Amino acid sequence: MNNDSPPVTTSLGFDISDKASKLRKNAVGPPVVPPRLARILVVDNDPALCRLLSIRLGAANYEVETVSDPRAALDTCVRLRPNLVITDLRMEPMDGLGLLKELKSRWPELSVIILTAHGTIPEAVQATQCGAFGFLVKPVEKSELLGQVQRAIASTTLKSTGGDWRADIVSRSQLMEDRLKQANRAAGTDSPVMLTGESGTGKELFARAIHAASARRGNPFIVVTCRAPDEDVLEAELLGRESGAVGGETASDFGAFQSAQGGTLLLHEVGYLSMELQIKLIHALRDDHESTGRNRGRTDVRLICTTSHDLKQLIDAGQFREDLYYRINVLPIEVPPLGRRREDIPLLISHFLEQATEGSGLAKIYSPKAMELLMSADWPGNVRQLFDLVKQNISHSRDMVMTEECVQQSLGSDSARIPSYDDARDEFSRGYLVKNLQSTAGNITRSARLAKRNRTDFYKLLSRYRIMAEDFKKSPHR
């Protein structure tokens, strides 16, 4: 990934990382400690050994975290994103070999070192055949430990020149793992990808992950939001436009297709495109120069689309072109809602708390009862709604421990349910059009006159909000 990639939460539309960086910039205190070399997770049920390894690795300026349960190690890896895992071979209920296989299935480029006693060296050799970087024999000598750790981390760095493509996605859900495997396979092709799912699930995050895992990762990643109030502005943003005469010649403003050359173009909420723009998009995808009267030259763009609509229903309603659907829906991936991956809620909360309080000196947590409420709550806004609630709780709570009452107040308060400006405007516009058509029994001429719009503009409004005038002719008082 290039160095201009957005921070973890920014790519979700969140602003936590930016806030934290401002806090760090304004902080006053002692000189900043040099950054640590790498993050290491030690997994062993022997507290004394964990303490010894932590001291030795910490003295070498590594960031070290220890866990005694191999199951907890998987959750810690999601949160910590270590560069290296050092794990004991003999553990319960999952042994080191089982942990190794699970780690490699999730993060193939992660280096793993096996700790073993003399009697289990043959098993340790078997572990290296299964993908372990190497093994250390107990008692571990300091020079051997640091030497092998340095080599393992260097090996990881060499193999992951593209960076951790899925680092921004916080999950331990098997359902999400399945979707991420689909995304990784999609990244190996240039075929169009369709990401479907409810609002707030992180579809843009998946798109960025696909781009980061692809050979195009060093090239532009351009996002165009198709739910725009001004269709002319959206067309110009997507396809470009002539900017006027300069010195007797006509200059041209590049659109997203030109800006994304060699990279990835994300069309966010493609279901909101008007029929006219759908036709122009088809021509652009066909590289049909005559469709717009501009000689664009051949494009080299990977297309990813997202939608929270059922496009097949829109096709049946005559509001989405079937030929466009099959052109952009080559590799469909459904991003599951938060309600189907509830095991991720504690991890997401931990991630949001860490990001929100980084550099501020705060260390807020949720009480067990509050966490239970968060786990069982309905999340119509999915991950985005969870983030907003955590941010609100941090702001409103004066105590370090945020209580069940604090969470309940946020879940039940009007402030937690205030829609975005775009959603509120769309809801008002859709409601106005429905009432207008009800009052005229679907008569377009009369409805356009009431709205003080010409028929063409009124039809565009109906198309944008997926409203069929014929429905009101059949049932004017529904």
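Just so it is clear, the model here is predicted, and its values are computed rather than measured.

Let us look at the overall build of the protein chain. Along its length, the protein chain carries 21 helices and 14 strands. Within the protein chain, the fraction of its 478 residues that count as buried is 44%. Once local pairs closer than 6 in sequence are excluded, the contacts in the protein chain between residues at least 24 apart make up 71%. When the accessible surface of the protein chain is summed, it comes to about 24,100 Å², and 51% of that surface belongs to carbon and sulfur atoms.

A word on the packing of helix α7 (residues 174–187) against helix α8 (residues 203–213). The angle between the axes and the distance between the axes are what describe a pair of packed helices. In contact at an axis separation of 8 Å, α7 and α8 are set at 45° when each is read in the N-to-C sense. In terms of axis orientation, α7 runs oblique to α8. As for how α7 packs across α8, the hand of that crossing is right-handed. Of α8, the residues touching α7 (which contributes M176, R179, L180, A183, N184 and A187) are F206, I210 and A213. Split by residue class, the contact of α7 with α8 holds seven nonpolar, one polar and one charged.

Tracing the sequence through the fold places S68 in the loop between β2 (63–67) and α3 (70–80). Relative accessible area serves as the criterion here: at 47%, S68 is assigned to the partly exposed category. Residues S68 and P47 lie 21 residues apart in sequence; the distance between their C-alpha atoms is 7.8 Å. Setting aside residues up to four positions removed in sequence, S68 forms contacts with D44 and N45.

A few words now on the side chain of R166. Mapped onto the elements, R166 comes out in the loop between α6 (142–159) and α7. Under the relative-accessibility criterion, R166 is labelled buried at 3%. Engagement of the side chain of R166 in a polar contact is seen with the side chain of E177, the distance being 2.8 Å. The contact partners of R166, leaving out residues within four places of it in the chain, are R81, R106, W107, S171, E177 and L180.

A cluster of nonpolar side chains, namely I365, M400 and V401, defines an oily patch on the protein surface of about 250 Å² accessible area. Take M400: it is sitting in the loop between α16 (382–396) and β14 (401–402).

Per-residue pLDDT for the protein chain averages 80, and the proportion of residues at 70 or more is 81%. Averaged over each element, pLDDT in the protein chain is lowest for helix α1 (residues 16–26) (37) and highest for strand β6 (residues 193–196) (97). Across residues 1–35, where pLDDT falls below 50, the model places 52 contacts with residues more than four positions away in sequence or in other chains. Predicted confidence is poor over residues 244–252, with pLDDT under 50, and the contacts of this stretch with residues over four places away or in other chains come to 11 contacts.

This part is about the pattern of salt bridges. Enumeration according to the criterion identifies 12 salt bridges in this entry. One continuous salt-bridge network, built from bridges that share partners, spans D44, D88 and K138.

Bringing the packing of aromatic side chains into the picture now. The description of two aromatic rings rests on the distance between their centres and on the angle between their planes. This model, assessed by the stated rule, comprises two aromatic pairs. Consider the rings of Y325 and Y326, whose centres lie 5.1 Å apart with planes at 80°: the pair is edge-to-face. Take Y325: its relative accessible area is 10%, and that puts it in the buried class. Judged by centre distance (5.4 Å) and plane angle (75°), the ring pair of F352 and F387 falls under edge-to-face. With F352 in helix α14 (residues 345–357) and F387 in helix α16, this pair connects stretches of sequence that are 35 residues apart. Across the pair, F387 and F352 agree in class, each one buried.

What follows deals with the side chain of T307. With respect to the helices and strands, T307 occurs in strand β11 (residues 302–307). Apart from the residues lying within four places of it in its own chain, the contact partners of T307 are M194, L195, T196, G197, K203, E269, V270 and G271.

The next thing to look at is α7. Between its terminal C-alpha atoms α7 stretches 20 Å, which fits the 20 Å expected from 14 residues at 1.5 Å a residue. The complete set of buried residues in α7 reads M176, E177, R179, L180, A183, A186 and A187. Looking at the packing, one finds that the buried side of α7 touches α4 (96–106), β6, α8, β11 and β12 (331–334). One side-chain oxygen of the residue at the start of α7 lies 3.1 Å from the amide nitrogen of L175, identifying that residue as S173.

Here we take up unusual backbone geometry. In this structure, the amide linkage connecting K138 to the following residue, P139, adopts the cis form with an omega of -10°. Positionally, P139 belongs in the loop between β5 (134–137) and α6. The backbone of N61 sits at a positive phi, close to 75°, despite the residue not being glycine. Within the secondary structure, N61 sits in the loop between α2 (47–59) and β2. A positive phi angle is found at N382, which is not glycine, with a value near 60°. By the secondary structure assignment, N382 is in helix α16. Accessibility expressed as a relative area gives 0% for N382, which makes it buried.

In space, the five strands of this open sheet follow the order β7-β10-β11-β6-β12, with parallel pairing throughout. Sheet topology places β7 (221–225) and β12 at the edges, where each strand pairs with a single neighbour. In this sheet, adjacent strand axes meet at a mean angle of 20° when their direction is disregarded. Inspection of the sheet shows β7 paired to strand β10 (residues 264–268) by five bridges, in the parallel sense.

What follows is about the packing of helix α9 (residues 231–239) against helix α11 (residues 275–285). Interhelical geometry of α9 versus α11 gives an angle of 10° and a closest axis separation of 11 Å. Taken together, α9 and α11 sit at an angle that is classed as roughly parallel. Contacts between α9 and α11 pair E231, L234, E235, L238 and L239 from the former with E276, L277, K280, L281 and A284 from the latter. When the residues that make up the contact of α9 with α11 are grouped by side-chain class, the tally is six nonpolar, no polar and four charged.

Cut-offs and rules
- Residues numbered from 1 in each chain as written.
- Predicted model: local features only at pLDDT ≥ 70, side-chain atom pairs only at ≥ 80, totals over all residues.
- Heavy atoms only, no water.
- Helix = DSSP H or I, 4+ residues; strand = E, 2+ residues; numbered from the N terminus.
- Buried < 20%, exposed > 50% of the residue type's maximum accessible area, 1.4 Å probe, protein only.
- Contact = heavy atoms within 4.5 Å.
- Areas by Shrake-Rupley, 256 points an atom, 1.4 Å probe, with all protein chains shown as cover.
- Axes fitted to C-alpha atoms, helices over the stretch in contact; angles between N-to-C directions.
- Parallel < 35°, antiparallel > 145°, perpendicular 65-115°, else oblique.
- Left-handed = near helix turned anticlockwise from the far one by under 90°.
- Nonpolar A, V, L, I, M, F, W, Y, C, P; charged D, E, K, R; others polar.
- Polar contact = N/O pair within 3.5 Å; in protein donor to acceptor, adjacent residues only side chain to side chain.
- Patch = residues over 30% accessible without salt bridge, like charges linked within 9 Å, V, L, I, M, F, W, Y side chains within 5 Å.
- Salt bridge = Lys/Arg side-chain N within 4 Å of Asp/Glu carboxyl O.
- pLDDT = per-residue confidence, 0-100.
- Phe/Tyr/Trp six-rings, centres within 6.5 Å; stacked < 30°, edge-to-face > 60°.
- Expected span 1.5 Å × (residues − 1).
- Pairing = 2+ DSSP bridges.

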